2 protein chains.
Amino acid sequence: MALIVQKYGGTSVGTAERIMAVAERVKRWRDQGNQVVVVVSAMSGETNRLIKLAQQIQQCPEPRELDVLMSTGEQVTIALLSMALQAQGCPARSYTGAQVHILTDSAHNKARIRDIDAARVRADLDAGRVVVVAGFQGIDAQGDITTLGRGGSDTSAVAIAAALKADECQIYTDVDGVYTTDPRVEPKARRLTRVTFEEMLEMASLGSKVLQIRAVEFAGKYKVPLRVLSSFEDGEGTLITFEENIVEDAQISGIAFSRDEAKLTVLGVPDEPGVAYQILGAIADANIEVDMIVQNIAAQEETTDFTFTVHRNEYDHAMEILKKTANTLGARQVLGDPKIVKISLVGVGMRSHAGIASRMFESLAKEGINIRMISTSEIKISVVVDEKYLELGVRTLHDAFGLEQAAAA
Amino acid sequence: MALIVQKYGGTSVGTAERIMAVAERVKRWRDQGNQVVVVVSAMSGETNRLIKLAQQIQQCPEPRELDVLMSTGEQVTIALLSMALQAQGCPARSYTGAQVHILTDSAHNKARIRDIDAARVRADLDAGRVVVVAGFQGIDAQGDITTLGRGGSDTSAVAIAAALKADECQIYTDVDGVYTTDPRVEPKARRLTRVTFEEMLEMASLGSKVLQIRAVEFAGKYKVPLRVLSSFEDGEGTLITFEENIVEDAQISGIAFSRDEAKLTVLGVPDEPGVAYQILGAIADANIEVDMIVQNIAAQEETTDFTFTVHRNEYDHAMEILKKTANTLGARQVLGDPKIVKISLVGVGMRSHAGIASRMFESLAKEGINIRMISTSEIKISVVVDEKYLELGVRTLHDAFGLEQAAAA
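Keep in mind that this is a model prediction, so the values were computed, not measured.

Here is what the cut-offs are and how they apply
Residues numbered from 1 in each chain as written. Chains lettered and ligands numbered in written order. Predicted model: local features only at pLDDT ≥ 70, side-chain atom pairs only at ≥ 80, totals over all residues. Heavy atoms only, no water. Helix = DSSP H or I, 4+ residues; strand = E, 2+ residues; numbered from the N terminus. Rg over C-alpha atoms; globule rule 2.2 N^0.38 Å. Buried < 20%, exposed > 50% of the residue type's maximum accessible area, 1.4 Å probe, protein only. Areas by Shrake-Rupley, 256 points an atom, 1.4 Å probe, with all protein chains shown as cover. Lys, Arg positive; Asp, Glu negative; His and termini not counted. Charge placed at Lys NZ, Arg CZ, Asp CG, Glu CD. Pairing = 2+ DSSP bridges. Least-squares fit on C-alpha atoms with pLDDT ≥ 70 in both. Contact = heavy atoms within 4.5 Å. Buried area = accessible area lost by both parts, 1.4 Å probe. Salt bridge = Lys/Arg side-chain N within 4 Å of Asp/Glu carboxyl O. Polar contact = N/O pair within 3.5 Å; in protein donor to acceptor, adjacent residues only side chain to side chain. Phe/Tyr/Trp six-rings, centres within 6.5 Å; stacked < 30°, edge-to-face > 60°. Lys NZ or Arg CZ within 6 Å of the ring centre and 35° of its normal. Axes fitted to C-alpha atoms, helices over the stretch in contact; angles between N-to-C directions. Parallel < 35°, antiparallel > 145°, perpendicular 65-115°, else oblique. Nonpolar A, V, L, I, M, F, W, Y, C, P; charged D, E, K, R; others polar. Patch = residues over 30% accessible without salt bridge, like charges linked within 9 Å, V, L, I, M, F, W, Y side chains within 5 Å. Left-handed = near helix turned anticlockwise from the far one by under 90°.

We now examine the overall build of chain A. Each helix and strand in chain A was counted, giving twelve helices and 18 strands. For chain A, the C-alpha radius of gyration of 23 Å lies close to 22 Å, the compact-globule estimate for 409 residues. Overall, chain A is about 75 × 55 × 35 Å in size when its C-alpha atoms are taken along their principal axes. Counting the 409 residues in chain A, one finds 56% classified as buried. Entry remark: accessible area of chain A is about 17400 Å², with carbon and sulfur atoms responsible for 47%. The centroid of the 43 positive side-chain charges in chain A is displaced by 4 Å from the centroid of its 55 negative side-chain charges.

This is how it looks when you write it as structure tokens:
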């Protein structure tokens, strides 16, 4: 007997019919002798309906009240799914985030989970019931309703799996697993049967939207085995595992990319300690998230050039701040480009294989793709290129590293 | 400075626009120096939408899960109203029933309030905030969400007013007060400026749907001054008061009526102790509510005739049970009529005035209305007549007791 936590997203529970289908699947797992906890999102469309309602009243609603409103979405789903399970003769009980004490901090709309009291869930499981929990929500220490932000249901599922020491946390989505890259960009993309947590983290943070990055971090931290599966077809999906280098031959697991990036450069700032802090500190103070950071020795002596990327929506704001800082620092020039993208090779295998980077740069060069920035980590090489080269770049690399073929396992 | 609890029903908060209008009214009360707690229902249509969703899944959903589902309706409204207040510069905070510890028993879908912890509400009021509370819902001792059943928002408002020792509990509805009778039946019906609790109880239980009967009972028990007002127009509404016989001249406050009644009679049962219990016990065991009960000496010696009324929907079921009991008791005959209505004169004034009953019977007789049953209490005389006489009966009595004129106060 295993303890399984399953998470179904908004599309999977989008209609009464689909909720019945989810109930059937849950019941099948339970009938095989497993204990099952189900975490659900709001029915697709519901979140937008609620936001629209709020905006008819106030353009920027207070975060606390927005959470009170939004959390009703999942509450509707837990009730309906419990009914669907009971209709199929499967004992079930629903709980809101507050009821199972998913304690979070008080950062409304983007709260982080601090603790879960699993006692009530465990008692129900032991009594033979399926437990249905509202994802995406919790309560803070004052008893106020919080939400984890969009996509937070994945995090809820993983956190509950960790608290219960579940054998597996299964994330059901509208795709059947993690792919070597986005199949909409490269039709030859292949589903991975396994991927390591580190790779998944890089993939998720780089815009492969299968799993929410915080959920993956959480799962890695608490060693929760995670599996991504399809709600609509049977299959084993992709297992996210702690093992490394499962297959020696697989140097690269996938190609992630991220659209909507923008690049800012400040040229000729004094090359002295504290400069990076002065430049990025001002940006951080404005709550703008910085992604890649590159610093070079400048052509001119005793000065340095400094480049970083932000989300395209933040470009104008970041530029405004940077210009002020540049002025203070006596920088020579400020440049920017809001139309760039990032493409990354990800794979734990690349640690032990030389020549990955050069093969990557060579393939891109052959297609005439100019690399604007480079950044590397142990298991990732990222390049920034002009927006127009995104598709070509992804397909070129997918081909160059033979990702359409499964590794000889 | 007064502490006011205001309750707005589903029609009053049915759209974003109406919610803004409610916020304006609430703010006006607060700006006049009052502390205001607002209790709201689900937006009109929302409850039916949720029930339809549930029924796509299960014809008779489990009461516990139905409560989880239904309670989202008010939760949406409290968030939106708080936003609307904040949008108008009025500090506000929303609470679900669980958050302000509206403790109920565990009778899902029809729970009764046991206790309210008003500490959190009081702290917010003292901090200058308007407090917005979800009506109709609470939690039981296990922390499960409960609902008070349809119309329960009135009861929530009164219970909160009682817990806070509020100066007045104002119930805003789509009518502007309590009338001498239903204006749709008697266009000359007049709004009462005051009515006693006892009268209101009789009016409510007899089908004047302005206030929920449990709310009136609660208000009477905890001595909460209650006022019924319109959400859509200004006016002083009707105050429900503890004073008796405010105006010596007003013998009758109003005429209540109840459609959809049915009458069952068993003739010639043995006239011995325990017979009434045997007849009504079987009906009660089937959860059928009995309204009027009349017992006469029968024509035949040592037997008695027994008549009672039930809701028309329960007629067939009650008849089936009664036939069995009649058989056991060796009764002579069982009769029934599912097409009767009840009309009642209500007024604390009638206690000290003889002749009310005879004037009532005389007026009805003059119009050829045959009385089928009579039942009286201290402040009420009810008659059962054929369904077709309802309108004529109400208008005749309204006229006979001069209810269109305000009492000479």
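Residue and element names in this part refer to chain B. Counting buried positions over the six residues of strand S2 (residues 35–40) gives six, a clear majority of the element. Of the two faces of S2, the one lined by Gln-35, Val-37 and Val-39 and the one lined by Val-36, Val-38 and Val-40 are each fully buried. Relative to S2, strand S1 (residues 3–8) runs parallel, the two sharing six bridges. Residue pairing for S2: Gln-6 is matched across the bridge by Val-38. Both S2 and strand S6 (residues 130–134) contribute to a ladder of four bridges, which runs parallel. The residue bridging Val-39 from the neighbouring strand is Val-133, located in S6.

All names here are of chain B. Most of strand S13 (residues 254–270) sits inside the fold, with 14 of its 17 residues counted as buried. As defined by bridge partners, S13 adjoins strand S16 (residues 333–346) across eleven bridges and the pair is classed as antiparallel. Looking across to S16, one finds that Phe-257 is bridged to Ile-343. In this structure, S13 lies alongside strand S15 (residues 303–311), joined through eight bridges in antiparallel fashion.

The subject of this paragraph is the relation of the copies chain A and chain B. Taken as rigid bodies, chain A and chain B are interconverted by a rotation of 179° and an axial shift of 0.1 Å, the fit giving an RMSD of 0.3 Å. The operation mapping one copy onto its partner corresponds to a two-fold rotation axis. Minimal C-alpha distance to the rotation axis in chain A is attained by A:Thr72, lying at 2.7 Å.

Our next topic: the interface of chain A and chain B. Every contact between the two is made by 42 residues of chain A and, on the other side, 42 residues of chain B. Between chain A and chain B, the buried area comes to about 3300 Å², and carbon and sulfur atoms account for 59% of it. If you sort the residues of chain A by the area they bury against chain B, A:Ile57, A:Glu65 and A:Met83 come out on top, with a joint share of 21%. Across the chain A-chain B interface, the total number found is four salt bridges. For the salt bridge of A:Arg49 with B:Glu46, the shortest nitrogen-to-oxygen distance reads 3.8 Å. Between chain A and chain B we count 16 residue pairs in polar contact (both at pLDDT 80 or more) in total.

What follows deals with the packing of aromatic side chains. What the rule picks out here adds up to four aromatic pairs over all chains. Ring geometry for B:Tyr8 against B:Tyr172: centres 4.6 Å apart, planes inclined by 10°, an arrangement best described as stacked. Taken as a pair, B:Tyr8 in strand S1 and B:Tyr172 in strand S9 (residues 168–173) lie far apart in primary sequence, 164 residues in all. Taking the relative accessible area as the measure of exposure, B:Tyr8 reaches 0% and is therefore buried. Classification of B:Tyr172 by relative accessible area gives buried; the value is 1%. Geometrically, the ring pair formed by B:Phe218 and B:Tyr222 is tilted, given 5.1 Å between the ring centres and 35° between the ring planes. Geometry around B:Tyr95 places A:Arg64 over its ring, the cationic atom sitting 5.2 Å from the centre.

Turning next to the sheet that holds S2(B). All names here are of chain B. Taking strand neighbours across the sheet as the criterion, the eight strands line up as S3-S6-S2-S1-S9-S11-S12-S10 in an open arrangement whose pairing is mixed. Taken across any chain shown, the strands that pair with only one partner, and hence form the sheet edges, are strand S3 (92–95) and strand S10 (194–196). Taken over all neighbouring pairs, the strand axes of this sheet differ in orientation by 20° on average, direction set aside. Of the strands in this sheet, S1, S2, S6, S9 and strand S11 (226–230) are in contact with helix H6 (residues 152–164), which crosses S1 at around 170°.

Residue and element names in this part refer to chain A. Judged by pairing direction, the sheet is mixed, and its eight strands sit side by side in the order S3-S6-S2-S1-S9-S11-S12-S10 without closing on themselves. Looking at the sheet topology across the chains shown, the edges are occupied by strand S3 (92–95) and strand S10 (194–196). Along the sheet, successive strands turn relative to each other by an average axial angle of 20°, direction set aside. Alignment of S3 against strand S6 (residues 130–134), held across four bridges, turns out to be parallel. The partner of Ala-92 across the bridge, within S6, is Val-130. Most of the contacts of helix H5 (residues 119–126) go to strand S2 (residues 35–40), to which it runs at about 130°, and overall it touches strand S1 (3–8), S2, S3 and S6.

Its place among the elements puts A:Gln59 in the loop between helix H2 (46–55) and helix H3 (63–70). For the pair formed by A:Gln59 and A:Ile283, sequence separation is 224 residues and the distance between their alpha carbons is 26 Å.

Right, let's talk about the packing of helix H3 (residues 63–70) of chain B against helix H4 (residues 72–87) of chain B for a bit. Residue and element names in this part refer to chain B. The geometry of H3 relative to H4 is characterised by a closest axis approach of 5 Å and an angle of 20° between their N-to-C directions. Classed by the angle they form, the pair H3 and H4 counts as roughly parallel. Of H4, the residues touching H3 (which contributes Val-68, Leu-69 and Met-70) are Thr-72, Gly-73 and Glu-74. Taken together, the residues that form the contact of H3 with H4 break down as three nonpolar, two polar and one charged.

Residue and element names in this part refer to chain A. A cluster of acidic side chains, namely Asp-271, Glu-272, Glu-301 and Glu-302, defines a negative patch on the protein surface. For Glu-302, the position within the fold is in the loop between strand S14 (290–297) and strand S15 (303–311). For Glu-302, a relative accessible area of 68% translates into the label exposed.

When two helices pack together, you describe them by how their axes are tilted relative to each other and by the distance separating the axes. All names here are of chain B. It is at 10 Å that the axes of helix H2 (residues 46–57) and H3 come closest, and there the two elements cross at 140°. The orientation of H2 relative to H3 falls into the category oblique. The handedness of the crossing between H2 and H3 comes out as right-handed. Residue-level contacts link Thr-47, Leu-50, Ile-51 and Ala-54 of H2 to Leu-66, Leu-69 and Met-70 of H3.

A few words now on the environment of A:Asn48. Among the secondary structure elements, A:Asn48 is positioned in helix H2. Measuring from C-alpha to C-alpha, the distance between A:Asn48 and A:Gly73 comes to 9.9 Å, with 25 residues separating the pair along the chain.

With that out of the way, let us pick up the environment of A:Ala166. By secondary structure assignment, the location of A:Ala166 is in the loop between helix H6 (152–164) and strand S9 (168–173). Each C-alpha atom of the pair A:Ala166 and A:Leu3 lies 5.0 Å from the other, and the pair is 163 residues apart in sequence.

Counted under the stated rule, the structure contains 44 salt bridges over all chains. The partner of A:Lys27 in a salt bridge is A:Asp31, and the shortest N-O contact between them spans 2.9 Å. You can see A:Lys27 and its partner A:Asp31 sitting in helix H1 (residues 16–31), four residues apart, about one turn around the helix. Accessibility expressed as a relative area gives 49% for A:Asp31, which makes it partly exposed. Ionic pairing is found between B:Arg28 and B:Asp234, a salt bridge with its closest N-O pair at 3.8 Å. Placement of the pair is B:Arg28 in helix H1 (residues 16–31) and B:Asp234 in the loop between S11 and strand S12 (238–241), with a sequence separation of 206 residues. Residue classification places B:Asp234 among the exposed positions, given a relative accessible area of 61%. A network of salt bridges, in which partner residues are shared, links A:Glu46, A:Arg49, B:Glu46 and B:Arg49.

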